[in-house]
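# Understanding the architecture of this molecule
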Amino acid sequence: MLPVFSQALTFSQAKKQLKNIYKANPETFYCGCAIKWQAKKKLVPVTDDCGYKPRNAKTKKGKINKRAKRIEWEHVVPAWEFGHQLQCWQTGKRKYCSDNSPKFKQMEGDLHNLVPAIGEVNGDRSNFKYSMIPGEARVYGQCDAEVNFKGKEFEPAPNIQGNIARTYFYFEKQYGLKISRKQRQLFTAWDKTDPVDADECKIHHEKAKIQGNENPFVSKSCS
């Protein structure tokens, strides 16, 4: 049975709501860059102050890397991760799930799992597992995010590690997401070392007000 929200959203609907939420909270998730609004409600990252520099300024075809210059909506728990645990994914992967699975559609559009990210970082993170990667090999300038492409791992900045852990715990409780023992140990540690702060509470409140449900792993620490 699906969780009952006062306003369950599709991914397309969620993205429209997120623009309004993050207009008042204009900062990218992984790199902490400011978000600038352009014409036609287009969002772009402001990278001068945060020190982000593209890993690749150009694509393999020599064109400008446009993803490094735009904001995308990142699933903290990747669609691949929660999707491949459903039968629909075995049949036709993401598109088939979006067209045929009410549960997948609700998970895909769940506001509590969506954050703004610089497109290049979002693409590099892909469906890689969150992890602790030895060393501090920065590939995005001063942006505190490391990626191990060979090992398919991604290490986020310490100040958002708890946010990620609480999102995973929420998806486990809300949708029955399966979390491995190793990942649970990591997320439990992150939840303790990066507790809920005022900014997390503020954004959570805005999302809960629209969607009609809370992430209890966040709300229990908010006044």
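Note: the structure precedes this text.
Below is a summary of the structure that appears in this document. Numbers given to residues run from 1 along each chain, matching the order in which its sequence is written. In view of the model being predicted, local features appear only for residues whose pLDDT reaches at least 70, and side-chain atom pairs are presented and counted only at 80 or more, with totals across whole chains, interfaces and linings using the full set of residues. The side-chain quantities take in all heavy atoms of the structure and omit both hydrogens and water.

## Quick notes on the pairing of strand S4 (residues 114-118)
Relative accessibility under 20% of the residue-type maximum defines a buried residue, over 50% an exposed one, and the middle range a partly exposed one, all with a 1.4 Å probe and only protein chains included. Helix numbers and strand numbers start at the N terminus; a helix is a DSSP run of H or I with at least 4 residues, a strand a run of E with at least 2. Across the five residues of S4, five count as buried, placing the element largely inside the fold. As defined by bridge partners, strand S3 (residues 71-75) adjoins S4 across five bridges and the pair is classed as antiparallel. Across the sheet, residue His 75 finds its bridge partner in S4, namely Leu 114. One bridge is not enough; two strands pair if DSSP finds at least two bridges between them.

## Here's the deal with the environment of Ile 210
Along the chain, the position of Ile 210 falls in helix H8 (residues 198-211). In this structure the C-alpha to C-alpha distance between Ile 210 and Ile 21, which are 189 residues apart in sequence, comes to 9.6 Å.

## A word on the packing of aromatic side chains
Stacked, edge-to-face and tilted labels apply to pairs of Phe, Tyr and Trp rings (six-membered ring for Trp) whose centres lie within 6.5 Å, assigned for plane angles under 30 degrees, over 60, and everything in between, in that order. On inspection of all chains with the given rule, the structure shows 18 aromatic pairs. Taking 6.1 Å as the distance between ring centres and 85° as the angle between the ring planes, the aromatic pair formed by Tyr 130 and Tyr 168 counts as edge-to-face. Note that Tyr 130 is positioned in strand S5 (residues 129-130) and Tyr 168 in helix H6 (residues 158-175), a separation of 38 residues in sequence. The burial state of Tyr 130 is the same as that of Tyr 168; both residues are buried. Ring plane angle 85° and centroid distance 6.4 Å describe the contact between Phe 169 and Phe 187, whose orientation is recorded as edge-to-face. You can see Phe 169 sitting in helix H6 and its partner Phe 187 sitting in helix H7 (residues 181-193), a full 18 residues away along the chain. Like Phe 187, Phe 169 is buried. An aromatic cluster is built from Phe 29, Tyr 30, Tyr 130, Phe 154, Tyr 168, Phe 169, Phe 187, Trp 190 and Phe 217, whose rings are joined through pairwise contacts.

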